[in-house]
Each structure stands twice: as C-alpha cells, then as structure tokens.
Amino acid sequence: MEVCYQLPVLPLDRPVPKHVLSRRGAISFSSSSSLFGAPDPRQLSQRRGAISYDSSDQTALYIRMLGDVRVRSQVGFEPEGRGSYPYLCIDFRTLHSCSESTSASSLIPGPGFISAGPVSGRRLRRLLSFQRYLHSSRLLWGTTHLNPLHILDEDYIGQAKCMLERVGSWNFDIFLFDRLTNGNSLVMMTFHLLNQYGLLELFQLDMVKLWRFLVMVQEDYHSLNPYHNAVHAADVTQAMYCYLREPKLAKSLTSCDILLGLLAAATHDLDHPGVNQPFLIKTNHYLAKLYRNSSVLENHHWRSAVGLLRETGLFSHLPAEEGLKMERQLGSLILATDISRQNEYLGKFRTHLNQDDLCLSNASHRHFILQMALKCADICNPCRPWELSKQWSEKVTQEFFHQGDIEKKHKLEVSPLCDSQRNSMGNIQIGFMTYVVEPLFAEWGRFSDTRLSQTMLGHLGLNKASWGGLVQQERPSSPEELEPSSPASVTMPTPAVTESEPESASAAEPTAITTATATATGATNSKEIPQGSKES
C-alpha cells in the first residue's frame, strides 16, 4: 500500500548510516489492495528525490532529498497540510477534512497530489472502521506510547530525540521538530515535558489516557490553519517550559502549577477556527452567542480542553473537587491569553513590580505569574531568532488575509489587519512589536532579569529593525504607511475579572480598534494579533 510521510531534508553529502547499510528489508510502495491504487510511474518520476532499494549491496532503504518528499495515499481527498494520527502506520489525514467537502473534485490538489476520483461510501466506511479498530486495539493493548513516531527510518526518530535533549534552548526549531516527528510535535513535546518533570508518576496519570488526550488535543487543532494549528501550540508549550525553568519560577512553582502551565500552553488555542472574534460576531456564529460576544475564542478553547479531559478521564482518579478546581485554574490561564485584556494584566503586573510585593509563596501570586508567563509564551514569536520569527509572521499574515478574502467574498466589512491591499506584513509586525510585545517583555525582564530575558529583548530589537528595513524597501506610496499606529489609536477594554473565576470574563465588552494598523497591536477581543506574528 502507499504510505504517506513527510520527511525533513537530508544533506546530499551525508554518509549512509551503518544501521541502514546493515538492513536487507525495507518498505513496499505497491499493493493489489482495492483501497489503494498503485502510483502512476510518470508522476513518481517527476518527484524531486530518490528512494533506493538494492538488496544486492544490503542497502535497505535510503532517501536523498532536494526538498520535502511526500508520498500520499490515493483515497481521493486532499490531505491536510500537517498532522497525522501517531498511532497508525497508514496516514488517514485524507479523511479529516472530508466532512467539509462531498467530493474530491471540490478541492484544489497540492503539489504531488494524485487524484483518484471520489470515494464510495462503502470504501470510506471500511477505512474508518479499520482506523477505529487500530486505534482501539492499540489503546487496549497499552502499547500506543511505545512507538509514537511512524517514520520511514529510525534515523529520524533519533534526530527528534536529540532535539528533545535541547528542548530548553530558546533557539529550538519547532518547524524542524514537527517534520522529524511526522507532524506530531505537540504530542511528543507535551508528553516529553510532562514525563521529564515526573508528573505522570506524581499525579498517577494513566499513560494510555494521557496519550489519548494529547492525540485528541492535537487532532482538534485545525491543521489547515496557517498559524493557529498544533505546531503553534507546540511552540508555545516549548516557550512555556523555558519560562518555567527561570530561577524565580523553578524554585517557587509547585508540581500542580507546572502541570497546569504545560496543559494550558498545549490547549490554549484548541479548536481555533482560523478567524477572529469580530468575524464570529458579525456572522452571528453560535459561539459568539454562547459566550455573549466576550472572550469568545478563549472560552471555547478552555471548554474544549475541559471536554477532552472529561472524555478521556485523565483526572477521573482525582477527588471531584480537586478535578473541578484544576479545570477552573486551567480556564483562568487560557482566558488570560485574550489580547483585549492586555492592558488589564500588564497594568496589574507593572503595579506589583513597582510595589515589589510579589510573593511566590502565595498561591494566587504564583497563578498570576503563570498567567503572565503564558501570555509571554503566546506572543513570543517576535522574540525568537529571525529565521523562526519571520516564518511565524508569514503564517499569521496569511491567515489574516485569508479571512479578509472571505469577508470580501461575502460582502462583509473587512476586519482590521485582514485586508491584503491596505496592510503589509512589515507594518503589521512593527505595530505589534511596538505596542504589544515590547511593553509586555520589558516588564517580564524586570521580573526575571536573566540571560533568557536579555536574549529575547535582543532578538526583538533586531527583528523590529529587520522589518523596518523591509518596509523601507517596499517604498510605500505615502509616508504614513511607514508609521505603526499610535498608542492613542488603540483602546483596550479592562474589565474587572478575577483570575480565579474564568466564567466572569463573559461580562467584559469587546472594544473596537479604530485603525487597521492599530489592530496590529491587539485586534479586538479575539486573536487578531500577529505574534511575531501572532494573535493568540
């Protein structure tokens, strides 16, 4: 059968590993199965790369690639761009988006996609049944976690493990890690960090339930979203880990604080639809009505996370009151990522620092610092090295402009930051860095004056200068386009909401942002903020 994998680039001058040379067997790419047809040789010959198999010289399988090579299954649907089921040897990503399309002909095939025509209902049921069987049987066997990375060669698993040894580095390349883990970066990252802290044993977490929970979390992120997807969640989780290791936090936080911090980072954008809150409101979306147009996305992320916790029974062994308390605290952390409440949290943080009254032996103060750490992790992309930061900027801008195209198509008012004809990536980033990122990280640097804080601020300054240079090269038609929006043009709501009661956030009223560039600083209530491109 055809197998679907996406592998990172191997240097052309890299020697063949000895463990590869010693193997005689490899992998079959053909089958007589009626479910999967054999690939067209003419299409295979056009791919950039080669797969060699020569039993005479004992070279089992070796790949040299000039670019990413994808071999896709011929089910008839366009596979999503990222993410797969880590518990399956066969990639069923092709089935994930079929609910939104009735036939393969309605989708635009990507590079290398092999069209096979529509799939019959009977064939689809066979695939789904086979998938459910594999998943349930592996969970019952309790072996799901033993072999999470189904990649063509063990060499890639080894590289992923090597990267996890440096997971505390601020230069961690989450994009490379996602390729090495075959799109399972969120599952692998979160499981590794929870295990590294010894939280599985400490809280007596069932490993099968935990693995199932993480897989469901990863799959509930929309992999078609350019920015708000599982890779972003994995990146935020890695950043959160870096902050948890800072001296002030490492010596003060409890195991429960660490568990909640990592779970909140992994689920903070769960089931994000790829559009912002104003879009949900003006289209009368049921979520906007459910949460009364206030912190709509954040409330949905939190409730979705709680739903998965209860469905998997991850905390079912804990006393009921303790489980409910952890759910409320998880919600308080996730709701803190609402960018419309930026001034509220930043003002409170600044007041604590000015009065020097933060006491991390106090549970409420520790929780507040966790909220600030998650806020920093959520919008830390401008503080990453330029090569990583620029990729995130491109992704969030793509997501914004895609929303703008939808609004134009349906003759809706185009949301700020979402009009590709009136906004540029550089101006969005400069405004976001100036009025959102710099104030927050300056205060975080006051709280935790460490090498990491200085590194983040250094990258932030360099990245802002780089975007300024790119904007100058664009030669805009008017001088005003070079200037980021002024602080006066941005108004943020500051509802009185206590951190310990997430439900009360629904009383907050969203505030409109008066200019398009101003939104680069905090696109209303939802998440239109480019995080280094971001808006969480």
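Since we're looking at a predicted model, the values are computed, not measured.

1. Some details on the overall build of the protein chain
Regarding its fold elements, the protein chain presents 20 helices and 2 strands. Across the 536 residues in the protein chain, those meeting the buried criterion constitute 55%. Across the protein chain, every contact between residues at least 6 apart in sequence was considered, and the portion connecting residues at least 24 apart equals 79%. Summing over all exposed atoms, the protein chain offers an accessible surface of approximately 23000 Å²; the carbon and sulfur share of this is 53%.

2. Details of the UniProt feature "active site" (unreviewed entry) in the protein chain
The positions that UniProt labels "active site" (unreviewed entry) are, in the present scheme, His228. By the element assignment, histidine 228 lies in the loop between helix H8 (207–220) and helix H9 (230–244).

3. Section: helix H19 (residues 425–447)
Between its terminal C-alpha atoms H19 stretches 31 Å, which fits the 33 Å expected from 23 residues at 1.5 Å a residue. Remark: the principal bend of H19, roughly 45°, maps to methionine 433. For H19, the tally of buried residues reaches 17 of 23 residues, placing the bulk of the element in the interior.

4. Considering the packing of H9 against helix H17 (residues 363–378)
Each pair of packed helices can be summarised by the angle the axes make with each other and by the distance between the axes. One way to put it is that H9 packs onto H17 with a least axis distance of 8 Å and a crossing angle of 135°. Classed by the angle they form, the pair H9 and H17 counts as oblique. Relative to H17, the crossing made by H9 is right-handed. For the pair formed by H9 and H17, the contact residues are His232, Val236, Ala239, Met240, Tyr243 and Leu244 on the first element and Leu370, Ala373, Leu374, Cys376, Ala377 and Asp378 on the second. Split by residue class, the contact of H9 with H17 holds 10 nonpolar, 1 polar and 1 charged.

5. Section: the UniProt feature "binding site: Zn(2+) 1" (unreviewed entry) in the protein chain
Residues given the UniProt feature "binding site: Zn(2+) 1" (unreviewed entry) here are His232, His268, Asp269 and Asp378. In summary, the annotated positions, though distributed over 147 residues, converge in three dimensions, the widest C-alpha pair being only 10.0 Å. If you trace the backbone, aspartate 269 turns up in the loop between helix H11 (255–267) and helix H12 (277–282). Judged by its relative accessible area of 1%, aspartate 378 is buried.

6. With respect to the nonpolar core
When a protein is soluble and globular, its nonpolar side chains tend to lie buried together. The biggest cluster of nonpolar side chains holds 106 residues, and the ones touching the most others in it are Trp170, Ile174, Phe177, Tyr243, Phe315, Phe441 and Trp444. It is H9 that provides the largest number of residues to this core, a total of 11 residues. Residue contacts for phenylalanine 177: discarding those within four places in its chain leaves Ala160, Met163, Leu164, Phe172, Ser185, Met188 and Met189. With 8 residues, the next largest nonpolar core counts Phe279, Ala288, Tyr291 and Val296 among its residues.

7. A word on the packing of helix H6 (residues 185–196) against H9
Interaxial distance between H6 and H9 falls to 8 Å at its minimum, and their mutual angle equals 25°. On the basis of the axis angle, H6 is roughly parallel to H9. As H6 runs across H9, the sense of the crossing is left-handed. On H9, the residues that touch Ser185, Leu186, Met189, Thr190, Leu193 and Gln196 of H6 are Ala230, Val231, Ala233, Ala234, Thr237, Gln238 and Tyr241. Residue classes in the contact of H6 with H9 are distributed as 8 nonpolar, 5 polar and no charged.

8. Focus: the packing of aromatic side chains
Evaluated as defined, the whole model comprises 12 aromatic pairs. Between the aromatic rings of phenylalanine 175 and tryptophan 392, the centroid separation amounts to 4.7 Å while the plane-to-plane angle is 40°, which identifies the pairing as tilted. With phenylalanine 175 in helix H5 (residues 174–180) and tryptophan 392 in helix H18 (residues 386–409), this pair connects stretches of sequence that are 217 residues apart. On the basis of relative accessible area, tryptophan 392 is assigned to the buried category, the value being 2%. With a centroid separation of 6.4 Å and 45° between ring planes, the pair formed by phenylalanine 349 and tryptophan 444 is classed as tilted. Placement of the pair is phenylalanine 349 in helix H16 (residues 342–355) and tryptophan 444 in helix H19, with a sequence separation of 95 residues. This pair shows no difference in class: phenylalanine 349 is buried, exactly as tryptophan 444 is. Taken together, the ring pairs connect Trp170, Tyr243, Phe349, Phe368, Trp444 and Phe447 into an aromatic cluster. Between the NZ or CZ atom of arginine 384 and the centre of the ring of tryptophan 170, over which it lies, the distance is 4.0 Å.

9. With respect to the confidence of the model for the protein chain
Residue-level pLDDT values for the protein chain average 74, and 59% of them are 70 or greater. Low confidence marks residues 1–13, where pLDDT is under 50. Its contacts with residues over four positions away, or in another chain, come to 63 contacts. Note on residues 485–536: pLDDT under 50 across the span, and 202 contacts to partners over four residues away in sequence or across chains.

10. Overview of unusual backbone geometry
With phi around 60°, asparagine 293 is a residue other than glycine that occupies positive phi space. One can find asparagine 293 in the loop between helix H13 (286–290) and helix H14 (296–312). Under the relative-accessibility criterion, asparagine 293 is labelled partly exposed at 28%. For lysine 411, which is not glycine, the phi dihedral falls at a positive 55°. Here lysine 411 is to be found in the loop between H18 and H19.

11. Things to note about helix H20 (residues 451–474)
Taking 1.5 Å per residue as the helical rise, H20 with its 24 residues ought to reach 34 Å, and the 35 Å between its terminal C-alpha atoms agrees with that figure. Among the residues of H20, Leu452, Ser453, Met456, His459, Leu460, Asn463, Trp467 and Val471 are the ones counted as buried. Looking at the buried side of H20, the elements it contacts are H9, H18 and H19.

12. Concerning the environment of tyrosine 345
As for its placement among the helices and strands, tyrosine 345 is situated in helix H16. Sequence spacing of tyrosine 345 and methionine 372 is 27 residues, and the spatial spacing of their C-alpha atoms is 7.6 Å.

13. Quick notes on the side chain of serine 415
Turning to its location among the elements, serine 415 is positioned in the loop between H18 and H19. Judged by its relative accessible area of 4%, serine 415 falls in the buried class. Of the polar contacts made by the side chain of serine 415, one reaches the side chain of glutamine 403; its length is 3.2 Å. Non-local contacts of serine 415, meaning those with residues more than four positions away in its chain, are made with Asn276, Pro278, Lys282, Gln403 and Glu407.

Conventions we followed
- Residues numbered from 1 in each chain as written.
- Predicted model: local features only at pLDDT ≥ 70, side-chain atom pairs only at ≥ 80, totals over all residues.
- Heavy atoms only, no water.
- Helix = DSSP H or I, 4+ residues; strand = E, 2+ residues; numbered from the N terminus.
- Buried < 20%, exposed > 50% of the residue type's maximum accessible area, 1.4 Å probe, protein only.
- Contact = heavy atoms within 4.5 Å.
- Areas by Shrake-Rupley, 256 points an atom, 1.4 Å probe, with all protein chains shown as cover.
- UniProt positions renumbered as here; feature names shortened; annotations may be inferred.
- Expected span 1.5 Å × (residues − 1).
- Bend = angle between axes of the 7 residues up to and from the residue.
- Axes fitted to C-alpha atoms, helices over the stretch in contact; angles between N-to-C directions.
- Parallel < 35°, antiparallel > 145°, perpendicular 65-115°, else oblique.
- Left-handed = near helix turned anticlockwise from the far one by under 90°.
- Nonpolar A, V, L, I, M, F, W, Y, C, P; charged D, E, K, R; others polar.
- Core = buried A, V, L, I, M, F, W, Y, C linked by side-chain atoms within 4.5 Å.
- Phe/Tyr/Trp six-rings, centres within 6.5 Å; stacked < 30°, edge-to-face > 60°.
- Lys NZ or Arg CZ within 6 Å of the ring centre and 35° of its normal.
- pLDDT = per-residue confidence, 0-100.
- Polar contact = N/O pair within 3.5 Å; in protein donor to acceptor, adjacent residues only side chain to side chain.

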